Amino acid sequence: MLVLLTSFTFLCLAAAAPSPLAPRWSSCETEPLSGPPNVSTPLDTIYGLGAYAPYISQHSSYCRNVPDGFVIDQVSIVSRHGARSPTASALKSIQSSLAKLANVTITNETLAFAQSYSLDGFTADALTDYGRYELYLSGATHAKIYQDLAHDIFARASGEQRVIESSQYFLQGFLGEDFVIKNTSDLPEPQVIISETTGLNNTLIVSNCPADENYTPNLETTAQTNWLSVNCKRGAWKTRLTIQVYTPPIISRLESQASGANLTGTDVLNFMSLCGFDAINQGTTYAESEWCSLFEADEWAQNGYYFDVEKWWGHSYGDPYVKAEYAGFVNELIARLNDSAPLLGGAINTTLDTDPSTFPLNRTFYADFTQ
């Protein structure tokens, strides 16, 4: 995706000296590690892209500094891949939407660019140069912050090409190399690549729970079509079609500027997604995109919520199988923190996790890369 690059860092703290009952900080750093993209596009618009937003370091309400009397002796991070082009099916859908604007009369100059807009620069499913640079910066930043532990990194990647490549550019930055776009064969490689072949256990993909994949109704798909709320007293679902809530006013406005286009809610979603996809497909710097200015602030907020409900019901607390999906990785994390063999079961690949060469303990830095 142009993807919301999510990176979680888990730290193992050990007492360096007799410590107080409650941790204390002599200083408290909470500022973001980096600023948002340097563009005139409003930040709320970028946030409204949902899953198609770039990685943005956030202000934290927690101290980044280590509490007095403690040291960090292990770091374990899990990161999504970097920004990517649309998937093959999404590109096909976007092309169909653009075709509706090709031969109509445009009466508003702000929309005129869309008639000649080309998707030729996109490679379906692949990382963009901006996505490669995102991961490079992530690797360089982590190596700088945890420089005393960076000598002993162990990296794993799930077997999708963009995930593997993301791990490689992270390692390029982590190992102190200059950022250079290369053939993947010339980049540093993770020690383990876990196959995504159906039927093989893999803790770094979300499609690792057959019960969840076959669950009916598919809450993830339903939620992305609907705004859902629970009637606690009756235990029933109240449904309002999202696409009917916030896209009709947009359709009316765009069709008043492109008479005869016969747009649908799907077309609106495709045009809004191009705000993000276009911005990350113009080199290693996040760029301005004319698609972003076609929509209002409240429309971007509604678009962001559209993605929120999908993630909630598909991969978070709304998913009844979410604990099963992530239990394997959590057990691996616990094993690393305790320097002990992982509790086997769930999505854990027993062949890999019982072999010290593919699941080592006593390392100071672990990096896992996922979808």
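About the criteria used
Residues numbered from 1 in each chain as written. Predicted model: local features only at pLDDT ≥ 70, side-chain atom pairs only at ≥ 80, totals over all residues. Heavy atoms only, no water. Disulfide = S-S within 2.5 Å. Helix = DSSP H or I, 4+ residues; strand = E, 2+ residues; numbered from the N terminus. Core = buried A, V, L, I, M, F, W, Y, C linked by side-chain atoms within 4.5 Å. Buried < 20%, exposed > 50% of the residue type's maximum accessible area, 1.4 Å probe, protein only. Contact = heavy atoms within 4.5 Å. Phe/Tyr/Trp six-rings, centres within 6.5 Å; stacked < 30°, edge-to-face > 60°. Salt bridge = Lys/Arg side-chain N within 4 Å of Asp/Glu carboxyl O. Arc of directions from axis to C-beta. 1 Å grid on protein atoms, 1.4 Å probe; cavity = no way out; pocket = protein on both sides within 12 Å on 5 of 7 lines; lining within 4 Å. Points joined across faces, edges and corners; volume = space filled by probe spheres on them. Nonpolar A, V, L, I, M, F, W, Y, C, P; charged D, E, K, R; others polar. Pairing = 2+ DSSP bridges.

Overview of the state of the cysteines
- In this structure the tally under the stated criterion is two disulfides.
- A disulfide bridge connects cysteine 28 with cysteine 63, and the sulfur atoms are separated by 2.0 Å. Torsion about the S-S bond of the cysteine 28 and cysteine 63 cystine: about -105°, corresponding to left-handed handedness. With cysteine 28 in the loop between β1 (7-15) and α1 (43-47) and cysteine 63 in the loop between α1 and β2 (70-80), this pair connects stretches of sequence that are 35 residues apart.

A look at the nonpolar core
- Counting residues in hydrophobic clusters, the biggest one holds 45 residues, and the most contacted among them are Leu98, Leu119, Phe271, Leu274, Tyr286, Trp291 and Phe295.
- Those elements that place two or more of their residues in this core are α2 (88-102), α9 (248-257), α10 (265-279) and α11 (297-315).
- The biggest single contributor to this core is α10, with eight residues.
- Here tryptophan 291 is in contact with Leu98, Phe113, Ala114, Tyr117, Phe271, Leu274, Cys275 and Asp278, once residues within four sequence places are set aside.
- Core analysis: the next-biggest nonpolar cluster, separate from the first, contains 20 residues, Tyr146, Ile153, Ala155 and Phe174 among them.

A closer look at the packing of aromatic side chains
- Here the structure, examined in full by the defined rule, presents 17 aromatic pairs.
- Plain terms: the ring middles of tyrosine 133 and tyrosine 136 are 6.1 Å apart, the flat faces sit at 10° to each other, and that makes the pair stacked. Taken as a pair, tyrosine 133 and tyrosine 136 lie in helix α4 (residues 129-145) at a separation of three residues, close to a single helical turn.
- By relative accessible area, tyrosine 133 is classed as partly exposed at 28%.
- When the centroid spacing of 6.0 Å and the interplanar angle of 55° are considered together, the rings of tyrosine 169 and phenylalanine 179 count as tilted. In this pair, tyrosine 169 is assigned in helix α5 (residues 161-174) and phenylalanine 179 in the loop between α5 and β5 (192-194), connecting sequence segments 10 residues apart.

Looking at the pattern of salt bridges
- As enumerated under the stated definition, the model contains 11 salt bridges in all.
- The partner of glutamate 165 in a salt bridge is arginine 132, with the nearest N and O atoms 2.6 Å apart. One end of the pair, glutamate 165, is in helix α5; the other, arginine 132, is in helix α4, with 33 residues separating them in the sequence.
- Classification of glutamate 165 by relative accessible area gives buried; the value is 8%.
- A relative accessible area of 13% places arginine 132 in the buried class.
- Note that aspartate 152 and arginine 363 form a salt bridge whose closest N and O atoms lie 3.5 Å from each other. Taken together, the residues aspartate 152 in the loop between α4 and β4 (153-158) and arginine 363 in the loop between α13 (350-353) and β9 (365-370) connect sequence positions 211 residues apart.
- Here the salt bridges do not stand alone but share partners, grouping Arg156, Glu332, Arg336 and Asp368 into one network.

Remarks on α9
- If you check which residues of α9 are buried, you get Ile250, Ile251, Leu254 and Gln257. What you see down the axis of α9 is that its buried residues fit within an arc of 130°, all on one side.

Some details on the layout of surface pockets
- Here the second largest pocket defines a volume of roughly 260 Å³.
- Lining the second largest pocket are 15 residues, with Gly199, Leu200, Ile205, Ser207 and Asn208 sitting closest to its centre.
- Of the residues contributing to the lining of the second largest pocket, the split by class is five nonpolar, eight polar and two charged.

Things to note about the pairing of β9
- The buried fraction of β9 amounts to six of the six residues, a majority that puts the element mostly inside the structure.
- Here β9 shows a buried face lined by Phe365, Ala367 and Phe369 and a second buried face lined by Tyr366, Asp368 and Thr370.
- Sheet topology note: the β2/β9 ladder contains six bridges and is parallel. From the neighbouring strand, serine 79 faces β9, where its bridge partner is phenylalanine 369.

Things to note about the environment of threonine 284
- Examined against the element boundaries, threonine 284 turns out to sit in the loop between α10 and α11.
- A relative accessible area of 30% places threonine 284 in the partly exposed class.
- Setting aside its immediate chain neighbours within four residues, threonine 284 contacts Asp129, Tyr130, Tyr133 and Phe179.

Keep in mind these values describe shape, not function.
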